[in-house]
Number of protein chains: 6
Amino acid sequence: MSTPQPKPSPARDIVRKVAPKLIDMTEKVVYGDVWERPGLSKRDRSLITIAALIAMYRGDQLKGHLERALANGVTKDEIGEVITHMALYAGWPTAMTAGQIAAKVFEGKN
Amino acid sequence: MSTPQPKPSPARDIVRKVAPKLIDMTEKVVYGDVWERPGLSKRDRSLITIAALIAMYRGDQLKGHLERALANGVTKDEIGEVITHMALYAGWPTAMTAGQIAAKVFEGKN
Amino acid sequence: MSTPQPKPSPARDIVRKVAPKLIDMTEKVVYGDVWERPGLSKRDRSLITIAALIAMYRGDQLKGHLERALANGVTKDEIGEVITHMALYAGWPTAMTAGQIAAKVFEGKN
Amino acid sequence: MSTPQPKPSPARDIVRKVAPKLIDMTEKVVYGDVWERPGLSKRDRSLITIAALIAMYRGDQLKGHLERALANGVTKDEIGEVITHMALYAGWPTAMTAGQIAAKVFEGKN
Amino acid sequence: MSTPQPKPSPARDIVRKVAPKLIDMTEKVVYGDVWERPGLSKRDRSLITIAALIAMYRGDQLKGHLERALANGVTKDEIGEVITHMALYAGWPTAMTAGQIAAKVFEGKN
Amino acid sequence: MSTPQPKPSPARDIVRKVAPKLIDMTEKVVYGDVWERPGLSKRDRSLITIAALIAMYRGDQLKGHLERALANGVTKDEIGEVITHMALYAGWPTAMTAGQIAAKVFEGKN
């Protein structure tokens, strides 16, 4: 019922004080239910999640989801391809920002 | 004709040097005119303003408008509900970022 | 546990065939749970929902939520004020599109 | 004090009934004031307006502003270049939609 | 060097008259180069493309890319899961609109 | 074939390690090809690029493109006008953030 891989981000505890119901739904609906559905693999879910975060320029959440993607079997090279592909569909600025965030995540992983 | 509550943010003086007409309109059109219209209460205007800022992921402006919302009678719990509600309409990433900004604003208020 | 007012849009039945889990969550999480929470009145929830839809230029969903807003006690004049306010926070194009959609909804209500 | 060229769109009269203050500001602030400021030529203002509308995917307003751009001296070929340039900064989908809208506007002008 | 599957949309010929360079790049850079790179499978590229289009509310392009996704081996059920997943990351309105577009595409395929 | 003015940002070297193809396209397609097309002047291309970046709230890329705009002959006052104009089309928050970024760029130029 729960994803073993990356630990919940500290953001979750900070936000819990402000919006406890939101974190309750994060745990029960987002990670406890939808991410666990068998209709798409975890790797597929990570691919579409990081694609959406890059395209929408949601930098704050991208770092954690890049770590989750690596844990779910998306390789660093594949993340580079996603970022490159997104340049075409969401514009260069979104891809350049994502590339810089990914560079930081990858460094921390070496 | 002017809102008594929160002081103009220092951003206004910084931007005035670059775009004086923008700040002129901020003072005459945004705060001097539309925010003062009786058709919606200040509390209602704060609710819709923070909802829009959260939904559009406009983090830079959210802090000041959360302070204004508190001054206009929106409670901390209600702000938490707005953030939770927005997760459904604008996606989790917008709500998680808003929750972290709200946590900082609320801490500064204790 | 359920909102009595506007009937579910026909969109819900169309989408159910494609993404049944989405509609299940629409009924249990969105309308069955979050909209029913006492932390914000139905009128407040309608105000922030239409503000977010206008700001994000989500025209397809705005019609139904304007009808819901009227059912939840937001007046036509107040909807006009929300649209006007959003012009300042999300830009004129979002407000002009919203105004045209509202005009159609209001006509259908006369 | 007023732009002579394209006539106000019929949208303005429709929206006036719903949000009269919005149209009042459209006439006094948007077209009566900012568009008339000498700091940027009308051609420059048309260029940045259509660039922003394309990038934000605001199709409803693009048609009218393409007509205004032609009236302000932006050529059809230049509009094609703006659309192409925007593909890189806002993504192919925004440009493809803009190209189809421009094709309709240009046809109506032949 | 070219994708065999879905035919170029008629949109391409319409836009070619307005912005020929854009279509030249569509054919050489988007489909002739990036989509053909081996770093991600066609199925993966379709998954991230439709995720991004749904998240950004780019309805005009979604229809064609849903057809391409089906041709690239994404099943109808998987598309339903992508739409459901996107509700959480980009908000319900984006998912509801996508669900209605997918319903039309799937009907045409039966 | 290349723009003489501002040096490539250090971001380009950081992103190259993660997504080398993206930077290859940045150099060959974005700056080596589209920016060099004679259909629009460099000044026009800078105007529409900063307008789009402001409107889409792409702050990370705005600094570099404001420097490029100054190099391409857009004056500081004209940048202030673009920011003011964008407040009307993309909302006040986008303009206020852009104004603060421009203030920093202009200071560094004195």
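Residue numbers here run from 1 along each chain, matching the order of that chain's written sequence. Key to labels: chains lettered from A, ligands numbered from 1, both in the order written. Residues qualify for local features only when their pLDDT is at least 70, as the model is predicted, and side-chain atom pairs are given and counted only at 80 or more; totals for whole chains, interfaces and linings, by contrast, use all residues. Only heavy atoms go into the side-chain values, all of them from the structure, while hydrogens and water stay out.

J.: So what's going on with the pattern of salt bridges? Which residues, and what values?
T.: By salt bridge we mean one thing: a side-chain nitrogen of Lys or Arg within 4 Å of a carboxyl oxygen of Asp or Glu. Summed over all chains, the structure comprises 66 salt bridges over all chains. A salt bridge links Arg12(A) to Glu27(A), with the nearest nitrogen and oxygen atoms 3.7 Å apart. In this pair, Arg12(A) is assigned in helix H1 (residues 10-18) and Glu27(A) in helix H2 (residues 20-31), connecting sequence segments 15 residues apart. Given a relative accessible area of 10%, Arg12(A) falls into the buried group. Among the ionic pairs, Arg43(E) bridges to Glu78(E), the shortest N-O distance being 3.1 Å. With Arg43(E) in helix H3 (residues 42-56) and Glu78(E) in helix H5 (residues 76-90), the pair connects residues that are 35 residues apart, well separated along the chain. We classify Arg43(E) as partly exposed; its relative accessible area is 22%. Relative accessibility decides the category of a residue: with a 1.4 Å probe and only protein chains considered, values under 20% of the type maximum give buried, values over 50% give exposed, and everything between is partly exposed. The class for Glu78(E) is buried, based on a relative accessible area of 15%. Elements are defined by DSSP. Helices are runs of H or I of four residues or more, strands are runs of E of two residues or more, and each kind is numbered from the N terminus.

J.: How would you summarise the interface of chain E and chain A if you had to cite specific residues and measurements?
T.: Contacts between chain E and chain A engage 27 residues on the former and 27 residues on the latter. Of the roughly 2,500 Å² buried at the junction of chain E and chain A (both faces included), carbon and sulfur atoms supply 69%. Of the charged contacts in the structure, one is a salt bridge between Arg37(E) and Glu81(A), with a shortest N-O distance of 2.6 Å. Polar contact is the term for a pair of N or O atoms within 3.5 Å; when the atoms are in protein, one must be able to donate a hydrogen and the other to accept it, and sequence-neighboring residues count only if both atoms are side-chain atoms. Counting the contacts that link chain E with chain A gives twelve residue pairs in polar contact (both at pLDDT 80 or more). If you list the elements that add at least two residues to the side of chain E that touches chain A, you get helix H2 (20-31), H3 and H5 of chain E. Think of it as three bins: nonpolar holds Ala, Val, Leu, Ile, Met, Phe, Trp, Tyr, Cys and Pro, charged holds Asp, Glu, Lys and Arg, and polar takes everything else, Gly as well. Grouping the amino acids of the side of chain E that touches chain A by side-chain chemistry returns 17 nonpolar, four polar and six charged. Should any heavy atoms of two residues lie within 4.5 Å, those residues are counted as being in contact. Buried area adds together the accessible area that both of two parts lose upon being put together, with accessible area traced by a 1.4 Å probe.

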